[in-house]
Amino acid sequence: MPRVSEEHLERRKQQILDAAQVCFARKGFAVTSMQDIFAESGLSAGAVYRYFKSKNEIIAALAFEAMAGLRSLMGELVHSDPLPTPAEVVATLAERIVDQSDPVGRIRLAPQVWALAVVDEETAVFVREAVHTMRGRWEEYAERMRAQGWLPADADTPAVAAALISLLPGFILQHLIVGDLTPEMLARGVRALMPYGEPVRPNEAP
């Protein structure tokens, strides 16, 4: 019997995640059952459990996957030349978040996953890894800011990274729940607080 290819296994795993996302978007985490996911995916319980031990593990995997695109985008921004300003970075990331926050978008799962991670260690493992990776991207950016002269030579770049990464969860919550925060508005606020690298307007010249 031929061995199952890695590509086939990955497609099956994605099939389960896609089905779970539809179920969660339709009913929410709490109400969705594993049976719902079996039915939506068209797979047996055994086939699903081969990839995921529990519903919480599926939730965590979806959240990790949702943030993967943002991590990749942040990596591109960090290594851009010239270095984008803080306002440009957060605006670009916020635009990607908006793009992924439609009714079945995976970004919509993020706040629910964060809440679950507080009480479920299985989920917390995935969330911690995602946060540490993204914070590492921000620390690289902070180091480039320091090299550019936008930060003091003795700036604590891990602290800067921890502060900057906090902008994204706040944007996600306000965008999804309040609904009045746009990438442009966020960028204006960041530009006012951190005008590093921004052109000086005539009426702002010293």
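Remember, predicted model here, so these are calculated numbers, not experimental data. (Residues numbered from 1 in each chain as written. Predicted model: local features only at pLDDT ≥ 70, side-chain atom pairs only at ≥ 80, totals over all residues. Heavy atoms only, no water.)

Draft legend 1. Just the overall build of the chain, in detail. Check the secondary structure of the chain and you find 10 helices and 0 strands. Counted from the first residue to the last, the chain has its helices and strands arranged as α-α-α-α-α-α-α-α-α-α. Taken along its principal axes, the extent of the C-alpha atoms in the chain is 70 × 40 × 30 Å. Counting over 206 residues, the chain shows a buried share of 42%. Here the contacts in the chain between residues at least 6 apart in sequence split such that 66% fall between residues at least 24 apart. About 11200 Å² of surface is accessible on the chain, with carbon and sulfur atoms providing 56% of the total. Of the charged side chains in the chain, 21 are positive and 27 negative; the average position of the first set lies 6 Å away from that of the second. (Helix = DSSP H or I, 4+ residues; strand = E, 2+ residues; numbered from the N terminus. Buried < 20%, exposed > 50% of the residue type's maximum accessible area, 1.4 Å probe, protein only. Contact = heavy atoms within 4.5 Å. Areas by Shrake-Rupley, 256 points an atom, 1.4 Å probe, with all protein chains shown as cover. Lys, Arg positive; Asp, Glu negative; His and termini not counted. Charge placed at Lys NZ, Arg CZ, Asp CG, Glu CD.)

Draft legend 2. Representation of a nonpolar patch on the surface within the structure. On the surface, Leu173, Ile177 and Val178 cluster together to form a nonpolar patch covering roughly 300 Å² of accessible area. Within the secondary structure layout, Val178 lies in helix 9 (residues 167-178). Residue Val178 is classed as exposed on the basis of its relative accessible area, which comes to 54%. (Patch = residues over 30% accessible without salt bridge, like charges linked within 9 Å, V, L, I, M, F, W, Y side chains within 5 Å. Salt bridge = Lys/Arg side-chain N within 4 Å of Asp/Glu carboxyl O.)

Draft legend 3. Quick peek at the domain arrangement of the chain. Splitting the chain by domain gives domain 1 (1-52) and domain 2 (60-193). On a C-alpha basis, the centres of domain 1 and domain 2 stand 28 Å from each other. Taken together, the contact between domain 1 and domain 2 spans 9 residues of the former and 10 residues of the latter. Of the roughly 810 Å² buried between domain 1 and domain 2 on both sides combined, carbon and sulfur atoms contribute 63%. (Domains from an automatic or database assignment. Buried area = accessible area lost by both parts, 1.4 Å probe.)

Draft legend 4. Examining the layout of surface pockets more closely. Its volume calculated, the largest pocket comes out at about 300 Å³. Lining the largest pocket are 18 residues, with Met67, Trp114, Ala130, Val131 and Pro169 positioned closest to its centre. Those elements that provide at least two residues to the lining of the largest pocket are helix 4 (55-78), helix 6 (110-119), helix 7 (121-148), helix 8 (157-165) and helix 9. Tallying contributions element by element places helix 7 first for the lining of the largest pocket, with 5 residues. For the lining of the largest pocket, the class distribution of residues is 17 nonpolar, 1 polar and no charged. (1 Å grid on protein atoms, 1.4 Å probe; cavity = no way out; pocket = protein on both sides within 12 Å on 5 of 7 lines; lining within 4 Å. Points joined across faces, edges and corners; volume = space filled by probe spheres on them. Nonpolar A, V, L, I, M, F, W, Y, C, P; charged D, E, K, R; others polar.)

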